[in-house]
Amino acid sequence: PPAHSHSDWIGPPDKHSNLRPIIFHVPPEESPLERRLREARQEAQACNQRFWARHNRAFHQEKEEFIYSRLKAKGLEMRDETGQKATLNAEEMADFYKDFLSKNFSKHMQYNRDWYKHNFTITFLMGQVALARALRWLRWRKKNVE
Amino acid sequence: GLFVWRLTGTGPRPSPCQLLPLCQAASHRLATFQYFSFLKRMYVTQYNKDLSQRAKPKSEPVVSPFHELQQLDQEKKVIHKISPIPPVHQPWPETSRRNELRGVKSAAQTEGSVTAGRAESTEGRQWKEMKLQLEELPGILARLSKIKLTALVVSTASAGFAMAPVPFDLPCFLLASLGTGLASCAANSINQFFEVPFDSNMNRTKNRPLVRGQLSPLLAVCFAASCGIPGIALLTLAVNPLTGALGAFNIFLYTCCYTPLKRMSIANTWVGAVVGAIPPVMGWTAATGTLDAGALLLGGILYSWQFPHFNALSWGLREDYSRGGYCMMSVTHPGLCRRVALRHCLALIGLSAVAPVLDITTWTFPIISLPINLYISYLGFRFYKDADRSSSRKLFFCSLWHLPMLLLVMFTCKKSVLEKEDKGDLRGQSHGRAMEIRLP
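These numbers were taken from a predicted model, which means no experiment stands behind them.

**Q** So what exactly am I meant to see when it comes to the overall build of chain A here?
**A** If you tally the helices and strands in chain A, you get three helices and two strands. Shown N-terminal to C-terminal, the secondary structure of chain A runs as helices and strands in the order β-β-α-α-α. Here the C-alpha atoms of chain A give a radius of gyration of 24 Å, more than 25% beyond the 15 Å that 2.2 N^0.38 yields for 146 residues. Expressed as lengths along the three principal axes of its C-alpha atoms, the size of chain A is roughly 85 × 35 × 20 Å. Burial statistics for chain A: of 146 residues in total, 45% are counted as buried. For chain A, the proportion of contacts with a sequence separation of at least 24, taken over those separated by at least 6, is 54%. Charge centroids of chain A, computed over 26 positive and 19 negative side chains, lie 8 Å from each other.

This is the structure in C-alpha cells:
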C-alpha cells in the first residue's frame, strides 16, 4: 500500500490461514480511542492468524498421515504407476473428518468464545470512534460556519 | 438479477491509472467466474441453509505467506509482482508514517509499473484499500443480505399468504412480503457478521463482502439494524403483531441460535429447519391474523423439506465442515444424516395427505403431489442405501425443483374461498366480493 494512503489496506488470503491480512493506517493525530480500536483489531488479527494457520496445517498434515496409513493398510503406494498422487474416496475420508472434528471440538469452542469477544469489542469500538468523529466533524462545521 | 454480480473491478479506483489494466485483465476472468457462480447460485435455498456449489478449485494465492509483522513479506510480495519489469520511478519518499511498512519503496515501484501486474489474476489477489466504494455498495449489500436467498424466503412467505383461506388482500400481501424480506436481509447480514473467519476458510463462502473487507463490521451491523427494525416494525404495525413477533423470533432464532449452534452441536440442523419453516407461517398469519392448523401444516411441510435438502447438500461439504469446525450430521453422524433425510421425505407424503383434512386443499392435492413426493422419497432411499456423492447430489437437485412444484400444486388445488363461507372464515368481506376473488 502506498505511503500517502489514509486508509487501511487488505490483502489476498494468506496461504495457511486463508484470512486476509490488513495493514492498518496510523494517522498522526490518532486519538486514544482510535488507538485502542486499532490495537484491538491487530490483536484479533494476530490471534485469528495464529489459530487458523496452525489449525489448517494440522489438518493437512493429519490428512496426509491418514491417507498414507490407509494406503499402506491396503498395500498401495502414495503414487500410482502414472505418478499421480493416490487418494482415498470420500467415504474413506469420512472417518478422518469425523475424527478430526471431534478431536478439535474443545479447541473450536475456546476459539469461538475468543472470536465473538473480539468481534463485539471491535465493532463496539468502531461505533464509538465513528460517533466521536461525527461529533468532531459537527463541531468543526459549526466553527467554520461562525 | 444479474446486476448483483456486476463486476466490482470496473469502477474507478482511488489509485486509478496504475491498477486499471490489472482490473481489466482481472475483470474478464472475474466475469466468467462470477457469471458461472451466478448460474450455480440459481439453485439457492432457504435462508438458513448453505448454498449448493460445486466445489470451486481452491485458488492458490500467488503471493507468499503472511507474516505477523508483515514487513519483509510486503517487500517480497511486491517484488514478486514486478519482477519482469524494472521499476519505472520512485515517486514516494523512503520515510513512512507506518513503521510496520519497510517495503514502501517497493510498494511505490509497484504503483509505478503499470503492466507488471499481469501475473496477478483476479481481484481477490491484490491489495485493496479498505474504503467503502459507494458505486459498489448495492452489490455489496446484496451479497451481504444474501439477496437471492431472501427472495426465496419471501416467495415461501407469499406461498403461505396465498394458501390462507381468506380473500386476497394486495396491500397486505405487499407489506408482508416487504417486511419479511427486510427481516431476512437483517438476519443474513448478522449471520455473515458472526462468521467472518469461518467463511474465509470455506470455499463456498470466501468471497463474501466482510471476508473481503469491502465493508466494515460496523456497517454490516448498521445495515442489519436498518433493515431489521423497519422490517419488524412494518410487520407489527402495518400487518399484525403476530407476524411481527414471528419475524423477530425468526431473526433471533437464526442469528443467536442457529449460527452459534452450527459450531456446537448437530442440533443446529433442526433449529435451522424451524427457521426455514417460519416464513410461510408468517405469510399465513399476515393474511389471516391467526395461527391455525393450516399455517402449522405449511410450516411442517417446509420443515420436513429442509432435511433431504440440507442433508444431501452437506454430504458433499464434509471436508470443509470438518476443517472449519462445523458440527454437522454428515460429518459426525452420517447414518443419522441419511436416516433423517429419508424419514422426512416420507413425512412429506404424510403431510400432503393431511392438507385436505384441514380444508386447505382439495383431495386432488395429495393425489397429484404423490408422484413427486414418491420420487423424492425414492431418491432419499437411494441416498440412505448408497451413501455416496452421486445419490446425495441427485437428492439435492431434486429438492430444488420439488419444493416449488409442490407449492404450486398446492396452490392450484387450494380449496376455494367460497366453499368456506359456511365456516365463517371470511374477514367481514361481502359475499359479492368473495365471489369475484374466488380461486379456480
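Structure shown, so let's carry the discussion forward.
**Q** So what exactly am I meant to see when it comes to the UniProt feature "transmembrane region" (unreviewed entry) in chain B here?
**A** Residue and element names in this part refer to chain B. If you check UniProt for "transmembrane region" (unreviewed entry), the listed places come out as residues 242-261, 364-383 and 395-412 in our numbering. The distance from the first to the last C-alpha atom of residues 364-383 is 29 Å, and the span holds 100% helix and 0% strand. Structurally, residues 395-412 comprises 100% helix and 0% strand, and the distance from its first C-alpha atom to its last is 25 Å.

**Q** Honestly, unusual backbone geometry in this entry has me stumped. Any pointers?
**A** With glycine set apart, most residues show a phi of negative sign, and most peptide bonds adopt trans. Residues and elements named next belong to chain B. Of note, the phi angle at Asp 359 is positive, near 70 degrees, even though the residue is not glycine. Checked against the element boundaries, Asp 359 lands in the loop between helix H14 (334-357) and helix H15 (364-386). Positive phi outside glycine occurs at Ala 387, with the angle close to 55 degrees. Tracing the backbone through its elements, the reader meets Ala 387 in the loop between H15 and helix H16 (389-412).

Calculation notes
Along each chain, residue indices are assigned from 1 in the same order as the chain's sequence is written. Going through the entries in the order they are written, you letter the chains from A and number the ligands from 1. Restriction of local features to residues with pLDDT of at least 70 applies here, the model being predicted, together with a cutoff of 80 or more for giving and counting side-chain atom pairs; totals for whole chains, interfaces and linings are based on all residues. Values reported for side chains reflect all heavy atoms of the structure, with hydrogen atoms and water molecules removed beforehand. Segments assigned H or I by DSSP are reported as helices when at least four residues long, segments assigned E as strands when at least two residues long, and all are numbered from the N terminus. For the radius of gyration, the atoms used are the C-alpha atoms, and the globule rule reads 2.2 Å times the number of residues raised to 0.38. Partly exposed describes any residue whose relative accessible area lies between the buried limit of under 20% and the exposed limit of over 50%, with all areas from a 1.4 Å probe on protein chains only and scaled to the type maximum. Contacts are assigned to residue pairs with any non-hydrogen atoms lying within 4.5 Å of each other. Charged-residue counts in this description rest on Lys and Arg as positive and Asp and Glu as negative, His and the chain ends being excluded. To locate a charge, take NZ of a lysine, CZ of an arginine, CG of an aspartate or CD of a glutamate. UniProt positions are given in the numbering used here, feature names are shortened, and annotations may be inferred rather than shown by experiment.

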